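Notes for the structure review
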Amino acid sequence: MGPFESALLSELSSLEKKGLSRSLRVVESSRSTRIKIAGRELANFSSNDYLGLASHPAIATAMGEAARRWGVGSTASRLICGTSAEHTAFEEELAVAKGTEASLVFSTGVAAATGTIPALVGRGDVVILDKLAHACLIDGVHASGAKLRVFPHNDLGKLESHLKWSTETHPKGRIMIVTESIFSMDGDLAPLREIVELKERYGAILFLDEAHAVGVRGSGAQGLAGELGLANRIEIQMGTLGKALGVSGGYIAGSRLLIDWLINRARSFIFSTAPSPAVAAACRASLRIVQSSEGDALRARLRENLLLLSGELKMDTPQSAIMPMILGSEERALKASARLAESGFFVPAIRYPTVPRNTARLRVTMNAAHTAEEIRALAVALKNQNS
Ligand SMILES: *Cc1c(COP(=O)(O)O)cnc(C)c1O
């Protein structure tokens, strides 16, 4: 073994000792809420497929038909010859759903964030970021070269003092607040109305990541911004098409001018092969379902399922489909997850650096397709953990 490999080996074994090493689990089959790993079928409480749309037959059909019509690949970036009529139709439909003039699709939510943030701010500007923001938002800020100010999670007082500081020290710069509407590892909500009021008072702009809110909060694909009637007061609405929408990709929704700017400046958009037209067609089919009475029924089922589990566990009513159970040490979280797997449930242990140190947790995510029996049995297994 050369010095390069032995350095990697020593770093990896030190991660292993701290309970922080990660490896891939191969899923042998997966359909709706059932997942097969290492020869065993488990009830899956780990996916972000909140409405069960990843295995919806009508979406699969739309994807297959589009693949046969357009081919499986987009063959180039959007600006060369990768923009199909499926892409533009989806972007128009998504903009209507979000209450904005326009929208733009990226290959992933990560690409949407890491391309958009540096297109909008740079040296001389300030980004004010919630402490628990997703890694891709932090990466976007670092790539931009803007000054970064972090406020404790949902702390409006500290956010305001950063806004004050920014306007005083960067009178000519752009000030952008970056936060999520539903936080990915805690499932709680941002105080969005108050944040919108603060950013207007200080002349800042807001970048809102709705990854876990789209399809879950508000009607259709509105997200929390639409639910609170704030869509036209938020400059940049971002989200993913790979969670409640069940497909893959990311998007930015906002003004026509914003979208035209991103087409010219977002590097992850310009220099990347477009998502397949079949993916765009699947997103169109998914969005149609999310906005239909079937979508309303799925959201109602999701809510019932969340109330059932929180009731069984005597927890507060969840505000999203994410229910974290914070255990503290990495070791406790890993053991709890392994014990749940033995009982037939797949619930991942979430550890540093995904969450802060000493807040390792089980992250239960609910799906509209979970049965009451699966949920009651999970509640029993979780209660046995604590006894
Ligand atoms: C998953 C997630 C993303 C990234 O979206 P992908 O489409 O998976 O790349 C961005 N932000 C948050 C908060 C997320 O949870």
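Note that this is a predicted model, so its numbers are computed, not measured. (Residues numbered from 1 in each chain as written. Predicted model: local features only at pLDDT ≥ 70, side-chain atom pairs only at ≥ 80, totals over all residues. Heavy atoms only, no water.)

In this model, the largest pocket occupies a volume close to 1000 Å³. Residue lining of the largest pocket: 37 residues in total, with Ser-23, Arg-25, Phe-346, Pro-348 and Ala-349 positioned closest to the centre. Mapped by element, the contributors of at least two residues to the lining of the largest pocket are strand S1 (27–31), strand S2 (34–37), strand S3 (40–44), helix H14 (330–342), strand S12 (345–346) and strand S13 (349–350). Ranked by residues supplied to the lining of the largest pocket, first place goes to H14 with four residues. Across the lining of the largest pocket, the residue classes tally to 17 nonpolar, 13 polar and seven charged. Counting contributing residues, the lining of the largest pocket receives three or more from each of domain 1 (21–50 + 321–385) and domain 2 (57–290). For the second largest pocket, the calculated volume is near 450 Å³. Together, 19 residues line the second largest pocket, and Lys-131, Leu-132, Ala-133, Pro-353 and Thr-354 are the ones closest to its centre. Put simply, the parts of the chain that give the lining of the second largest pocket at least two residues each are helix H6 (135–144) and strand S6 (147–151). Classifying every residue of the lining of the second largest pocket by side-chain character gives 13 nonpolar, three polar and three charged. A domain-level breakdown of the lining of the second largest pocket finds at least three residues from each of domain 1 (21–50 + 321–385) and domain 2 (57–290). (1 Å grid on protein atoms, 1.4 Å probe; cavity = no way out; pocket = protein on both sides within 12 Å on 5 of 7 lines; lining within 4 Å. Points joined across faces, edges and corners; volume = space filled by probe spheres on them. Helix = DSSP H or I, 4+ residues; strand = E, 2+ residues; numbered from the N terminus. Nonpolar A, V, L, I, M, F, W, Y, C, P; charged D, E, K, R; others polar. Domains from an automatic or database assignment.)

The subject of this paragraph is the domain arrangement of the protein. By domain assignment, the protein separates into domain 1 (21–50 + 321–385) and domain 2 (57–290). Taken over C-alpha atoms, the centre of domain 1 sits 28 Å from the centre of domain 2. Looking at the side of domain 1 facing domain 2, the largest losses of area belong to Asn-48, Tyr-50 and Ile-322, adding up to 45% of the total buried there. There are one salt bridge connecting domain 1 and domain 2. In this structure, the salt-bridge partner of Arg-361 is Asp-186, at a minimum N-O distance of 3.1 Å. There are five residue pairs in polar contact (both at pLDDT 80 or more) connecting domain 1 and domain 2. Of all the secondary structure elements, the ones that give two or more residues to the side of domain 1 that touches domain 2 are strand S11 (322–328) and strand S14 (360–365). Classifying every residue of the side of domain 1 that touches domain 2 gives seven nonpolar, two polar and three charged. (Buried area = accessible area lost by both parts, 1.4 Å probe. Salt bridge = Lys/Arg side-chain N within 4 Å of Asp/Glu carboxyl O. Polar contact = N/O pair within 3.5 Å; in protein donor to acceptor, adjacent residues only side chain to side chain.)

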